[in-house]
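# Chains, contacts and geometry: an overview
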Amino acid sequence: MSKPSIKKVVLAYSGGLDTSAIIPWLKENYDCEVVAFAADVGQGEEELEGLHEKAIQTGASECYIVDLKEEFVADYIFPTITTGAVYEDDYLLGTSMARPVIAKAQVEIARKVGADAVCHGCTGKGNDQVRFESAFAALAPDLQVIAPWREWDMVSREDLLDYLAERDIKTSASATKIYSRDANAWHISHEGGELEDPWCEPTKQIWTMTVDPEDAPDSPERVQLTFDQGRLVAVNKEHLSPYQALVKLNDIAAAHGVGRIDIVENRLVGMKSRGCYETPGGTVIMAAYKALECLVLDKAAFKHREQLGLEFSHVMYDGRWFTALSDSLLAGAGSFAKQVTGDIVVKLYKGSATVVQRRSPNSLYSEAFATFGEDDVYDQKHAEGFIRLFSLSSRIQALNANPIASEGEKKNNGERR
C-alpha cells in the first residue's frame with residue numbers, strides 16, 4: 001500500500017527516544033516537513049528544558065510548547081471529579097484525562113501551521129493510540145493520522161538507538177532504561193522493569209513523587225478543602241486557581257505518602273497490564289468530594305451519581321471524551337455538582353487520607369432527626385407502616401409459598417381492623 005502524500009505533519013513530541021526517532025523517520029519516509037508540538041500539562045520543568053532546541057536539532061522545522069496546565073485541571077480534571085469516575089475501583093485516570101486536552105491542542109497547532117497530518121508515538125499495544133486517534137477523528141477527521149509504531153520495522157530501544165546513531169543524532173536515552181513513566185499535574189504512572197512480573201513487589205526506586213508511607217511523618221496533618229458548586233476553590237482557606245490548588249495538595253499529600261496504588265488493569269486493546277500510580281493531591285480531592293456529596297445528595301441521587309461515575313470511568317479510559325455520551329454524563333454530574341458546596345477536612349497519615357470533618361449549607365444531615373437521644377421531630381411508630389409497605393412484595397411471595405402462613409396473615413389483618 002502506497003503512503004498518502006503528506007506535506008506537513010504535526011508530531012506530538014516529548015523529546016524522548018521514540019519521538020526523537022520519529023522526526024527523521026517521518027522526513028525520510030514521507031518526505032514532509034515536521035512540526036513538533038509539546039504539551040505542558042504539569043509534568044515538570046525538567047521535562048521541558050531544552051525541548052525546543054532538541055526538536056530543531058533532530059530535524060523539526062518548528063517546535064511549539066503549549067502551556068495547558070490550567071485548562072487541563074479546570075476543564076478536564078475537575079469535571080471528571082464531579083462524575084466520581086474511578087476505573088476498576090482504583091485508577092484515578094491520570095493518563096487518560098490528559099489525552100483529550102493534548103489532542104485538542106495538537107489539532108489547533110495543525111490548523112495554525114496548515115498541516116495535513118498529525119502523528120503520535122503511541123505503540124500498537126496501548127490505550128493511548130485509541131485515545132489520540134478517537135480525538136482526532138472527532139475534531140479533525142480530514143487530517144491524516146500517522147502512527148510510526150504500526151508502520152516501521154523497529155521493535156526495541158536498541159533499534160531506535162541504532163537508528164539515531166546511524167544518522168548522527170544525539171540522544172540522552174540509553175538501552176538500559178528500566179521503567180516507562182508518564183507524568184502530569186494529576187499523577188505519575190510507572191510501568192516496566194520488575195512490574196512486568198505481578199508477583200514481584202515494587203522496589204523503592206519505582207516511586208518518584210511520594211514519600212514511602214513507612215518513612216512519612218509520625219504525626220498526622222489535616223488539610224481543609226473548600227468547594228463551590230463542585231469546584232475546588234480553596235485549600236486551607238487560601239483561594240487558588242484549579243491548577244495551583246492541585247499543586248499545593250500534591251505537595252502536602254506526597255509528604256505523607258498518600259496516593260500510591262499498584263494494580264493490574266484491563267487495557268482497552270484486550271490485554272492486562274500492571275502499573276503503579278502516584279496521585280497524592282487527586283486522592284485527597286476525590287475523598288473530600290465524595291464526602292461532601294454524601295452530605296448533600298439524597299439516597300436516590302447518590303446512587304445515580306455512582307452509576308454515572310462507573311460509566312464515565314470507561315468513557316474516559318477508552319478515549320471517548322469528545323462524544324455525545326461524554327457530554328451527557330458530564331451534564332448529569334454537573335447538575336448534582338450544583339449542590340456540592342462546603343468544607344471538608346482530611347487527615348493525612350502514613351499513606352492514608354481520611355475525612356474527619358464536613359459541613360455544607362446544603363447539608364441534608366439533621367442532628368434533630370439522626371440523634372440517638374430524645375427528639376421531638378421523629379415518631380418511631382411511623383416506621384412500622386413504612387416497613388410493611390417496603391417489604392410487601394417479599395411478604396406476598398412468602399404467603400404464596402405457604403398457605404398456612406397466608407391464613408394467619410388474613411386473620412391478623414382482620415384483627416387489626
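Everything here concerns the structure above.
Rules behind the numbers
Residues numbered from 1 in each chain as written. Predicted model: local features only at pLDDT ≥ 70, side-chain atom pairs only at ≥ 80, totals over all residues. Heavy atoms only, no water. Helix = DSSP H or I, 4+ residues; strand = E, 2+ residues; numbered from the N terminus. Contact = heavy atoms within 4.5 Å. Phe/Tyr/Trp six-rings, centres within 6.5 Å; stacked < 30°, edge-to-face > 60°. Buried < 20%, exposed > 50% of the residue type's maximum accessible area, 1.4 Å probe, protein only. Lys NZ or Arg CZ within 6 Å of the ring centre and 35° of its normal. Polar contact = N/O pair within 3.5 Å; in protein donor to acceptor, adjacent residues only side chain to side chain. Salt bridge = Lys/Arg side-chain N within 4 Å of Asp/Glu carboxyl O. Pairing = 2+ DSSP bridges. Axes fitted to C-alpha atoms, helices over the stretch in contact; angles between N-to-C directions. Arc of directions from axis to C-beta. Disulfide = S-S within 2.5 Å.

## Here's the deal with the environment of A337
Note that A337 resides in helix α11 (residues 324-337). Counting along the chain gives 258 residues from A337 to P79, while the straight-line C-alpha distance between them is 9.3 Å. Leave out the neighbours within four places in its chain, and A337 touches T82, Q229, G230 and Y289.

## Observations concerning the packing of aromatic side chains
Going through the model one piece at a time under the given rule, you end up with 11 aromatic pairs. Ring centres of W149 and W152 lie 5.2 Å apart, and the angle between their planes is 75°; on these two criteria the pair is classed as edge-to-face. W152 matches W149 in its accessibility class, with the two residues each being buried. Aromatic rings pair up to connect W25, Y30, W149 and W152 into one cluster. It is R131 that lies over the ring of Y317; its NZ or CZ is 4.8 Å from the centre. The ring of Y163 has R167 lying over it, and the distance from NZ or CZ to the ring centre is 3.6 Å.

## Concerning the side chain of H190
Looking at where H190 falls in the secondary structure, it is placed in strand β7 (residues 188-192). Note on H190: relative accessible area 0%, which makes it buried. Polar contacts involving the side chain of H190 include one to the side chain of R181, which spans 2.7 Å. With residues up to four places along the chain from it excluded, the contact list for H190 reads S180, R181, L195, I206, W207, T208, R274, G275, C276 and E278.

## Some words on the pattern of salt bridges
The full count for this structure, using the stated rule, is 21 salt bridges. Where D218 meets K350, a salt bridge forms, and the shortest distance between an N and an O atom there is 3.0 Å. Pair noted here: D218 is in the loop between β7 and β8 (221-228) and K350 is in the loop between β13 (342-349) and β14 (352-359), with a separation of 132 residues, a long-range link. In this structure D218 comes out as exposed when scored by relative accessible area, which is 63%. The partly exposed category is assigned to K350, whose relative accessible area is 27%. Across the pair D262 and R274 runs a salt bridge, and its minimum N-O distance is 2.8 Å. A residue pair is termed long-range when its members are at least 10 positions apart, and D262 in strand β11 (residues 260-266) and R274 in strand β12 (residues 272-278) qualify at 12 residues.

## Regarding the sheet that holds β14
Ordered in space as β10-β9-β8-β13-β14, the 5 strands form an open sheet in which the pairing is antiparallel. Each edge of the open sheet is held by one strand with a lone partner, namely β10 (238-239) and β14. Sheet topology places β13 next to β14; 7 bridges connect them, and they run antiparallel. Bridging across to β14, V345 finds its partner in Q357. Where helix α9 (residues 280-296) meets the sheet, its contacts fall on β8, β9 (231-235), β13 and β14, and the angle it forms with β14 comes to roughly 35°.

## Comments concerning helix α7 (residues 157-166)
By the burial criterion, the buried members of α7 are R157, L160, L161, Y163 and L164. The buried residues of α7 occupy an angular sector of 160° when the element is viewed end-on, so they sit on one face. The outward face of α7, more than 90 degrees from its buried face, is lined by the exposed residues A165 and E166. On the buried face of α7, the contacting elements are α1 (17-30).

## Some details on the pairing of β8
Strand direction decides the pairing type here: β8 and β13, joined by 7 bridges, are antiparallel. Bridge pairing links T226 to D343 in β13. Relative to β9, β8 runs antiparallel, the two being bridged by 4 bridges. When the bridges of β9 are listed, L225 appears paired with V235. Between β8 and the antiparallel strand that follows it, β9, lie 2 residues; Q229 among them carries a positive phi value of about 50°.

## Side note on the sheet that holds strand β6 (residues 179-183)
The strand order across the open sheet built from 4 strands is β6-β7-β12-β11, with neighbouring strands paired in antiparallel fashion. Only two strands of the sheet have a single partner each, and these edge strands are β6 and β11. With direction set aside, neighbouring strand axes in the sheet form an average angle of 25°. Sheet topology note: the β7/β12 ladder contains 3 bridges and is antiparallel.

## So, the state of the cysteines
When the sulfur atoms of two cysteines share a covalent bond, that bond is a disulfide. According to the stated counting rule, one finds 0 disulfides in the structure shown. In this structure C200 is not part of a disulfide, and its nearest cysteine sulfur, from C276, lies 9.9 Å away. Judged by its relative accessible area of 27%, C200 falls in the partly exposed class. Judged by its relative accessible area of 0%, C276 is buried.

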